[in-house]
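Take a look at the letters that make up each chain.
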Amino acid sequence: MTPSKPTETQTATLAEIAREAGVSAPTVSKVLNGRADVAPATRTRVEELLRAYGYRRRRAEASRSPLIDLVFHELESAWAMEVIRGVENVARDAGLSVVLSESAGRLTPGRTWADQVAARRPHGVVLVLSGLDESQRALLLSRSIPFVVMDPAGDPGPDVPSIGATNWQGGLAATRHLVELGHRRIGAISGPSRMMCSRARVDGYRAALETAGLPVDQALIKAGDFHHDAGYRLGLELLRMPDRPTAIFTGNDLQALGLYEAARELGLRIPEDVSVVGFDDLPLARWVGPPLTTVRQPLTEMAEAAARLVLEMGRAEEGTTATRVELATSLVVRSSTAAPAIA
């Protein structure tokens, strides 16, 4: 059954949607509430009509559970702990609990996740390095469940609230620091090219080199994945080059730690033989030897801002303008960078 195309201003009541779907109003209500006792074909037909009519439950009618849903594309590092801490800080102050989900490396959660969120009816959803497809967005909007994307993997679109960081400026500051120390052959180990934050950091690295009049050597730029193993493997590739770089900017601290391991394996000293700059300023950056120079990304503050925003959206009037915020990054200079050794 193909739903009739609504006009731009057309709305529909549950009874009207039920009549067009050929089901009862309680069945439509079950779909809205994520109940499992609805046939899959019926659920699909009702969801299509809800999307077609742009149906949104009035927030006054949308009873909420005392929860915030927090969704990661993966939960494997200390990076995630900083984000969880920030969301938990805000949730605790608001008398709410946090539900954690992981999408197993996918940048969009699965369909079953959206149904589970509809059934939980949380105060809001914070997605980290993730996004929603059109059907998932429509499902949350129809239930008046607000959502915010933190550190979006791609362009979330002008109508999606998001919290990010000044990644380009961070890449620029990290590389400019190395240039000012006297390095002229500077490598980079980026994160995944599909992620906007990763591309922005490398773009900042390129801009710093170009501003200093230094060539951008593509052979010195390696695409990683934000994990320790990539920093180790790609670090070996860079440090085994006949004309190896004297400094390397890594897209995050975990890859910097992998690079530390590669340098030790090759008998190279940090910073005497190679300077290293990371990105994130995780707590472990202060504990490694030597302590890591890195770009501080305010992860806990970003997570707090995302959680506060999603709660404010739940209290706000319908149709409020989407908010896009970038928090400042800053360079933290420690002992892993120094002037290059004189040949």
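Counting starts from 1 at the beginning of each chain's written sequence and moves along it residue by residue. Reporting of local features is limited, given that this is a predicted model, to residues whose pLDDT is at least 70; pairs of side-chain atoms are given and counted only at 80 or more, and all residues count toward the totals for whole chains, interfaces and linings. Side-chain numbers here rest on the full set of heavy atoms in the structure, without hydrogens or water.

A. Region of interest: the overall build of the protein chain. Looking only at helices and strands, the protein chain has 11 helices and 12 strands in total. Burial analysis of the protein chain (343 residues in total) assigns 53% to the buried set. Considering only intrachain contacts with a sequence separation of at least 6, the fraction spanning at least 24 residues in the protein chain is 74%. In DSSP terms, a helix is any run of H or I states spanning at least four residues, a strand is any run of E spanning at least two, and both are numbered starting from the N terminus. Type-normalised accessible area, obtained with a 1.4 Å probe on protein chains alone, sets the label of each residue: buried when under 20%, exposed when over 50%, and partly exposed for intermediate values. The contact rule is simple, with two residues in contact once any of their heavy atoms fall within 4.5 Å.

B. Just the sheet that holds strand S3 (residues 124-128), in detail. Strand order in the open sheet formed by six strands is S2-S1-S3-S4-S5-S11, with parallel pairing between adjacent strands. Of all the strands in the sheet, just strand S2 (97-102) and strand S11 (324-327) have a single pairing partner and so form its edges. Taken over all neighbouring pairs, the strand axes of this sheet differ in orientation by 20° on average, direction set aside. By this definition, two strands are paired if DSSP reports at least two bridges between them. Only the stretch in contact is used when a helix axis is fitted, and all axes are lines through C-alpha atoms; the angle between N-to-C directions ranges over 0 to 180 degrees.

C. Highlighting the environment of arginine 286. In this structure, arginine 286 sits in the loop between strand S9 (275-280) and strand S10 (293-296). Judged by its relative accessible area of 45%, arginine 286 falls in the partly exposed class. Separated by 48 residues in sequence, arginine 286 and arginine 334 have C-alpha atoms that sit 8.2 Å apart. Arginine 286 has contacts with Pro291 and Arg334, leaving out every residue within four places of it along the chain.

D. Representation of the side chain of serine 65 within the structure. You can see serine 65 is positioned in the loop between helix H3 (40-52) and strand S1 (67-72). Polar contact is the term for a pair of N or O atoms within 3.5 Å; when the atoms are in protein, one must be able to donate a hydrogen and the other to accept it, and sequence-neighboring residues count only if both atoms are side-chain atoms. A polar contact of 2.5 Å, which involves the side chain of serine 65, links it to the backbone oxygen of arginine 120. If near-sequence neighbours (up to four positions away) are discounted, serine 65 is found in contact with Arg120, Arg121, Pro122 and His123.

E. Local environment of the packing of aromatic side chains. Between 30 and 60 degrees the pair is tilted, below 30 it is stacked and above 60 it is edge-to-face, where a pair is any two Phe, Tyr or Trp rings, Trp via its six-membered ring, whose centres lie within 6.5 Å. Tallied over the full model, the rule gives one aromatic pair. Taken together, a centroid distance of 6.5 Å and an interplanar angle of 55° make the contact between phenylalanine 249 and phenylalanine 279 tilted. Here the residue phenylalanine 249 occupies a position in strand S8 (residues 247-250), and phenylalanine 279 occupies one in strand S9, the gap between them amounting to 30 residues. Phenylalanine 249 gets classed as buried once you look at its relative accessible area, which sits at 2%. Criterion for a charge above a ring: Arg CZ or Lys NZ at most 6 Å from the ring centre, at most 35 degrees from the ring normal. The ring of phenylalanine 279 has arginine 201 lying over it, and the distance from NZ or CZ to the ring centre is 3.9 Å.

F. Just the nonpolar core, in detail. Counting 70 residues, the largest nonpolar core has Met150 and Tyr205 as its most contacted members. Top contributing element to this core by residue count: helix H11 (residues 299-315), with 10 residues. Apart from the residues within four sequence positions on either side, methionine 150 is in contact with Val83, Val126, Leu127, Val128, Leu129, Ile163, Leu299, Met302, Ala303 and Ala306. Among buried residues, the Ala, Val, Leu, Ile, Met, Phe, Trp, Tyr and Cys ones that are joined through side-chain atoms within 4.5 Å form a nonpolar core. Counting residues in each nonpolar core, the second largest holds 14 residues, with Val71, Val117, Ala118 and Ile145 among its members.

G. Looking closely at helix H8 (residues 196-211). Expected span, for any helix, means 1.5 Å times one less than how many residues it has. The end-to-end C-alpha distance of H8, which contains 16 residues, comes to 22 Å, matching closely the 22 Å that a straight helix rising 1.5 Å per residue would cover. Listed as buried for H8 are Cys197, Ser198, Ala200, Arg201, Val202, Gly204, Tyr205, Ala207, Ala208 and Leu209. Residues of H8 that are buried make contact with helix H7 (167-180), strand S6 (186-190), strand S7 (221-223), S8 and S9. Just past H8, the residue glycine 213 takes up positive phi, approximately 75°.

H. Broad picture of the packing of H7 against H8. Where H7 contacts H8, the axes come no closer than 7 Å and their chain directions differ by 40°. Note on packing geometry: the crossing formed by H7 with H8 is right-handed. Contacts between H7 and H8 pair Asn167, Trp168, Gly171, Leu172, Thr175, Arg176 and Val179 from the former with Cys197, Ala200, Arg201, Asp203, Gly204, Tyr205, Ala207, Ala208 and Leu209 from the latter. In this classification, the charged set is Asp, Glu, Lys and Arg, the nonpolar set is Ala, Val, Leu, Ile, Met, Phe, Trp, Tyr, Cys and Pro, and all remaining amino acids, among them Gly, are polar. Residues of the contact of H7 with H8, tallied by class, amount to nine nonpolar, four polar and three charged. Crossings are assigned a handedness: left-handed for a near helix turned anticlockwise from the far helix by less than a right angle, right-handed for a clockwise turn.

I. Expanded view of the side chain of serine 101. Of note, serine 101 is situated in strand S2. Owing to a relative accessible area of 14%, serine 101 belongs among the buried residues under this scheme. Apart from residues lying up to four places away in sequence, serine 101 is in contact with Asp69, Leu70, Val71, Phe72, Trp113 and Arg120.

Note that every value here comes from positions in space, so none of it alone points to a role or purpose.
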